[in-house]
Each structure stands twice: as C-alpha cells, then as structure tokens.
Amino acid sequence: MTVFFIGAGPGDPELLTLKAQRLISECPVCLYAGSLVPEAVVAGAPEGALVMDTAPMTLDDTHSQIVMAHGKGQDVARVHSGDPSLYGAIAEQIRRLKADGIDYQIIPGVPAYAAAAAALGQELTVPEIAQSIVLTRMSMKSTSMPEGETLENFARTGATLAIHLGIRALREIERVLTPHYGADCPVVVAYRASWPDQIFLRGTLSDIHAKVRAEKITRTALILVGPALADIKDFKDSALYDPEIPHVLRPKVLV
C-alpha cells in the first residue's frame, strides 16, 4: 500500500489536480484535515471508504489509522490543505512512515498565495519592482522560528511577503515592516481564499489592522505585503518577449 499526501489546494474543490482527484476517488481510506479542507474535496471518496476528519486527532491517532490500513493493504489518501510542502506538517508523519517501512508519495497542490493572487487578478512579481516572494509565518503559539528567519531580515529584501499565521499579529507586522516598506506600502489580507465566503481586504501597513478588526477576521487568513501589490501602471515590460533580446526559441531577426 501507499500513503498519498495530497495537496487539496486552498479550498475550492475545482482547484484539485487531476491526480489528486483520482487518488481520492480510488483510496479506500481517506484522512483529511477538516479544519482547513472542506468536505466537498473528499466527497469523491469511493463508496464504503473510511473517511475521517483528523482535526481532533493527534499524530499518534492518525498514524495508527495508517498502520491499520497498511496491515490490510489499503492505500491511504492523506489530504492536506494547500500544498503539502508548505506548513503541511508532513515531515513528522513521513518520519514515522519510514520507521515502519510504509511507502508514501507527495501530490502537490495549489498554495494559498497563488489562489489569492489569482483572485486579485495580478502578478506578485513585477519587473524591477519585486522579483522574489518570501513565504514565511509568525510564530505566535506555533513552533518557534529558526534563528535568522525573522520578519525583519526578510523585510530588508524588499520582496513580496506572504505571511501565514499572522492575522493576530498585525500590529507587530506593522511595527517591523514599516521602517523597510513605508507606512503606505500595500497590504492584502486574504481570508479563506477560493472558499464561497472568501474576503479580500486591501489596505496599507498603517490601516490594515483597523480594516481587519472591522471585519472580525481572526484566523484562516494570509497576509500579502509589498510594492508589487499596488496598481502599478508604469513598469518595464519583461525581457521575456522583448524583440531586442533573442533566445533559443526566438532568434533575433537581422534586417
């Protein structure tokens, strides 16, 4: 048997990959993180499948279900939100699978920052404005951040920041980022991106906290910060399609 760590994407069942959808429809055991993955994502599990919401379960609980499935030779769809490689908490699960000699595969999914950018209708990397995206999080009550991976260090790059688990730390984010980005730097708070009740709040470092409080958003939100989020009209075209910059698929035409 195989355990498939499946990225369910940000919430919209139509953002599942074809492979993810097929595996969910084939596996006789489906363990999904119900706090972040809607039931509609796992509704395609086969008839008679064991479908369990792991939100109230511990790591020991979920692993014991996998071990039982292994004993029966049953494949397991282990469904996580977004992409499993980013804050998927799969490393500790994989460690146990390896110790028990259980095979696994990882199926990538659409990350929240990509879904948010799509809904906003914009690119997060704009030529000569921002060409990097930093995916990070606030520690809050979660595992502490490694030394050096501080918000201030990332702010020095001027890159677009995608901050997870930070909605209750907006004041701290404002304090740390303002000296580097400026009080008027654009901010977008994406609440439950791609869900039916999604909310997108646009603001700046100086006023986004008040807007979030007014909407009473306290969880399940991604914070995007950076100059690339502005409605920029005057920027240089990418060199990708520049006729003066040939490449192997588009040689320069000599006249």
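Before reading further, recall that the structure is shown in the block above.
The residue numbering used here restarts from 1 in each chain and proceeds along that chain's sequence as written. With pLDDT at 70 or above as the cut-off, local features in this predicted model cover only qualifying residues; side-chain atom pairs require 80 or more to be listed or tallied, and sums for whole chains, interfaces and linings still use all residues. Based on all heavy atoms of the structure, the side-chain values leave hydrogens and waters out of the count.

Let's hear about helix α3 (residues 91–99): which residues, and what values?
Residues of α3 that are buried include every one of Gln-93, Ile-94 and Leu-97, and no others. The arc that holds every buried residue of α3, seen down its axis, measures 95°, which confines them to one face. The exposed set on the far side of α3, more than 90 degrees from its buried face, consists of Ala-91, Arg-95, Lys-98 and Ala-99. Strands are runs of DSSP state E lasting at least two residues, helices are runs of H or I lasting at least four, and both sets are numbered from the N terminus onward. Phi turns positive, to about 70°, at Gly-101, one or two residues after α3. Relative accessibility decides the category of a residue: with a 1.4 Å probe and only protein chains considered, values under 20% of the type maximum give buried, values over 50% give exposed, and everything between is partly exposed. By definition, the arc is the one covered by directions from the helix axis to the C-beta atoms.

Before we move on, could you go through the sheet that holds strand β1 (residues 2–7) and cite the residues and values that matter?
Pairing between strands is defined by DSSP: at least two bridges between the two strands are required. In space, the five strands of this open sheet follow the order β3-β2-β4-β1-β5, with parallel pairing throughout. Of all the strands in the sheet, just β3 (50–53) and β5 (103–107) have a single pairing partner and so form its edges. The average angle at which neighbouring strand axes cross in this sheet is 15°, direction not considered. Here β1 pairs with strand β4 (residues 76–80) via five bridges, running parallel. By the bridge assignment, Phe-5 is partnered in β4 with Arg-78. Helix α1 (residues 18–26) rests against β1, β4 and β5 of the sheet, and its axis sits at about 135° to β1. Only the stretch in contact is used when a helix axis is fitted, and all axes are lines through C-alpha atoms; the angle between N-to-C directions ranges over 0 to 180 degrees. Whether two residues are in contact is decided by their heavy atoms: any pair within 4.5 Å suffices.

Describe the packing of aromatic side chains, and please don't skip the residues or the numbers.
By convention here, two paired aromatic rings are described through the distance between centres and the angle between planes. Here the aromatic set is Phe, Tyr and Trp, taking the six-membered ring for Trp, and pairing holds for ring centres within 6.5 Å; pairs whose planes are under 30 degrees apart are stacked, those over 60 apart are edge-to-face, and all others are tilted. Summed over all chains, the structure comprises one aromatic pair. The ring of Trp-195 carries Arg-192 above its face, with NZ or CZ at 3.9 Å from the centroid. We call a charge positioned over a ring when the NZ of a Lys or the CZ of an Arg lies within 6 Å of the ring centre and within 35 degrees of the ring normal.

Break down the sheet that holds strand β6 (residues 133–137) for me, citing the residues and quoting the values.
Across the sheet, five strands lie side by side as β6-β7-β10-β8-β9; this open sheet has mixed pairing. Each having just a single partner strand, β6 and β9 (199–204) make up the two edges of the open sheet. Between one strand axis and the next, the sheet turns through 20° on average, direction left out of account. In terms of strand pairing, β6 meets strand β7 (residues 160–164) through five bridges, oriented parallel. Paired with Arg-137 across the two strands is His-164, which belongs to β7. Strands in contact with helix α7 (residues 208–215) are β8 (186–191) and β9; relative to β9, the strand with the most contacts, it is inclined by about 155°.

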